[in-house]
Amino acid sequence: MDRLPKCGANYVPLTPLTFLTRASKCYANRTSIIYGDIRFTWSQTYKRCCRLASSLRSLNIVKNDVVSVLAPNVPAMYEMHFAVPMAGAVLNAINTRLDAKNIAVILKHSEAKVFLVDYEYLEIAKKALELLVADFEKSKTSEMLMPLVVVIDDINSPTGIRLGELEYEQLVFQGNTSYIPEEITDEWDPITLNYTSGTTSDPKGVVYSHRGAYLSTLSLTLGWEMGTEPVYLWSLPMFHCNGWTFTWGIAARGGTNICIRNTTAQEMYTNIVSHNVTHMCCAPIVFNILLEAKPHEYKAITTRVQILTGGAPPPAPLLEKIERLGFHVVHAYGLTEATGPALVCEWQQKWNKLPSENKSKLKARQGVGILTLADVDVKNFKNMQSVPRDGKSIGEICLRGSSIMKGYFKNDKANSEVFKNGWFFTGDVGVIHSDGYLEIKDRSKDVIISGGENISSIEVENAIMRHPNVVEASVVAMPHFRWGESPCAFVILRRNSEIKEVDIIAYCKSNLPGFMVPKKVKFVENLPKTGTGKVQKHHLRAIAKTFVISEKSNQTNKKTSQVNREKARYYDQNQEQILALSRL
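One numbering rule holds for all chains: residues counted from 1, following each sequence as written. Note on the predicted model: pLDDT of at least 70 is required for a residue's local features to be given, and 80 or more for side-chain atom pairs to be given and counted; whole-chain, interface and lining totals, by contrast, use all residues. With hydrogens and water stripped out, all remaining heavy atoms of the structure feed into the side-chain values.

Participant: Explain the packing of aromatic side chains to me, please; I cannot follow it from the model alone.
Facilitator: Here a pair means two rings of Phe, Tyr or Trp (six-membered ring of Trp) with centres within 6.5 Å. Their orientation is stacked below 30 degrees between planes, edge-to-face above 60, and tilted elsewhere. This structure, assessed with the given rule, holds 11 aromatic pairs. Between tryptophan 347 and tryptophan 351, the aromatic rings sit 5.1 Å apart at their centres with planes inclined by 80°, giving edge-to-face as the arrangement. Exposure is judged per residue with a 1.4 Å probe applied to protein chains only, and the accessible area is read against the type maximum: over 50% gives exposed, under 20% gives buried, and values in between give partly exposed. The exposure class of tryptophan 347 is partly exposed, given its relative accessible area of 26%. By relative accessible area, tryptophan 351 is classed as buried at 6%. Members of the aromatic cluster, joined through ring pairs, are Trp224, Tyr232, Trp234 and Phe246. Charge-over-ring contacts are defined here by two conditions on Lys NZ or Arg CZ: a distance within 6 Å of the ring centre and an angle within 35 degrees of the ring normal. Across the ring face of tyrosine 408, the terminal group of lysine 204 is positioned such that the distance to the ring centre comes to 5.2 Å. For the cation-ring pair, lysine 363 lies above tryptophan 347, with the distance from its terminal atom to the ring centre recorded as 4.9 Å.

Given below as structure tokens:
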């Protein structure tokens, strides 16, 4: 048997690019993308991707060059998930919630050669590019790595807004219709580069391989039991782990991508009903958007919509409420380093007989490893041995398998910290139940998850500490009625300082992305500390949990502000959910 070698007929490197090639042949006339009045078929999408890849090559993009994009869930963002690697390059989809400083850091660290920007994000892109120029002048380096800028205009109603000469649709139009995509000879080659805020302020670029992306895509479509011809609503940002690989997965199943620019209640309900959406992914925050829809925004769902949710543990009461509207929720757990979802709460038929409350609690668990993972474990912090499967013994969640990242880009130190003894250490704390299902109990390193985004408490603390009137600061998670969690800062001021809460928040707004800015600042004289001087954050979290509950009565009594009245209405109608969030 050892005399049977690999050959071109029996061994082909794994890459999700083959999903598009197959879709263009098997589902040529089936609708691939719907965006407003725009419709494409899979044959057209394949040709457009080939043309764009051709144009990228004409811009001197070569193998392993990074192409960055800052855009919402529009057709161009979807097409680049195929076109960029078809040119041999690496796609870097940037979080649209970041500020100019963070975008500039990513562009510099990734050494992006091309920067595609949606017309709505041109102003922040300009600021990021200006920061790059300033950084160059300050460092006085011999080479200035400035990316070529391409504007993505609105394909439905072009605005004519430009930043330079290059425009996305022009690149597609000018591309060679006969272009043959770059051959993938090594499945370990990089396909995308995704930056995560992680738990430090240092940039962490997570590199995915063609092999990992291919296998993760198969695992998730199988694990979610996604059949052929799904109609998929893009309520999950494609910059989130490449849309949890469903950018490639919808092509694999010959489905239809429903692209939307904004995840408003009206836009989601309208598209769900108009196009008979069957599947969508989102963080639990989207549940709140759907539940809070105003009468004119809401449309009754007549067919069941499958939702895959992750990013933060959804409270059981929240799952019950969203399913009453016609959604069927599957809970997953993952992280950028695991190519998105790594665990899925696979449903068991015997659970259908249980009371609704029990089913919601089971559904809120993180579940079992996807097929791509070779193993999942929870290990004791001290001896790194597997904890008992009793649902009580806690440890660090560890993963190993083909869906784990290649590693952090240009960060050997971070790689050595997470890759140990053949395992990837997530930094998350959890338990394993007797049936093998995993459940997260806490998050190490005090990461705050706000609307599905990871926020480093250390980074927020460092920003606050730069204020000249601040002596010390500690930041923890506080329950938030919309985002699930938000930063809450406990601050010690210098003596005789007249600084107020609004001043600290304003200072943070000028130094941090909006979603990282504390929603509450509490001034204190001392911070609770251990004998070795470490802040006891569990005490601060207990205090922070009371802010949301105590805020309820205050909001109710305020009648002068429409915003406050809306919050009061929400608190009155959703006490059960708020209490559940406060227990996380």
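Participant: Just checking my understanding: could you explain the pattern of salt bridges for this structure?
Facilitator: Side chains carrying opposite charge are able to pair once their charged atoms draw close together. One side-chain nitrogen of Lys or Arg within 4 Å of one carboxyl oxygen of Asp or Glu is enough to make a salt bridge. As enumerated under the stated definition, the model contains 21 salt bridges in all. Note that glutamate 123 is salt-bridged to lysine 126, the shortest N-O span being 3.5 Å. A residue pair is termed a helical-turn pair when its members lie 3 or 4 positions apart in one helix, as glutamate 123 and lysine 126 do in helix 5 (residues 122-139) at 3 residues. Residue classification places lysine 126 among the partly exposed residues on the basis of a relative accessible area of 31%. Where arginine 162 meets aspartate 153, a salt bridge forms, and the shortest distance between an N and an O atom there is 3.0 Å. Since its relative accessible area comes to 33%, arginine 162 is described here as partly exposed. Secondary structure counts use DSSP, requiring at least four H or I residues in a row for a helix and at least two E residues in a row for a strand, with both numbered from the N terminus.

Participant: Sorry, what's going on with the sheet that holds strand 27 (residues 520-523) here?
Facilitator: Think of a sheet as strands paired side by side through backbone hydrogen bonds, with each pair either parallel or antiparallel. Paired strands, in this sense, are two strands between which DSSP finds at least two bridges. The strand order across the open sheet built from 3 strands is 25-26-27, with neighbouring strands paired in mixed fashion. In this open sheet, the two edge strands, each paired with only one partner strand, are strand 25 (470-480) and strand 27. Between one strand axis and the next, the sheet turns through 25° on average, direction left out of account. As judged from the 4 bridges shared by strand 26 (residues 484-493) and strand 27, these two strands associate in the parallel manner. Pairing of cysteine 488 across the sheet is with lysine 520, part of strand 27. Angles run from 0 to 180 degrees between N-to-C directions of axes, and those axes are lines fitted to C-alpha atoms, restricted for helices to the stretch in contact.

Participant: What is the right way to look at the nonpolar core in this model?
Facilitator: For soluble globular proteins, the rule of thumb is that nonpolar side chains tend to be buried together. Buried Ala, Val, Leu, Ile, Met, Phe, Trp, Tyr and Cys residues that are joined via side-chain atoms within 4.5 Å together make up what is termed a nonpolar core. By size, the foremost hydrophobic cluster in this structure holds 90 residues, and its most contacted members are Met80, Phe246 and Leu399. If you tally residues by element for this core, the top one is helix 3 (residues 75-86), at 8 residues. Should any heavy atoms of two residues lie within 4.5 Å, those residues are counted as being in contact. Apart from residues lying up to four places away in sequence, phenylalanine 246 is in contact with Leu220, Thr221, Trp224, Met226, Tyr232, Trp234, Cys281 and Leu308. Judged by nonpolar contacts, the second largest core, of 46 residues, contains Ala104, Val491, Leu493 and Val521.

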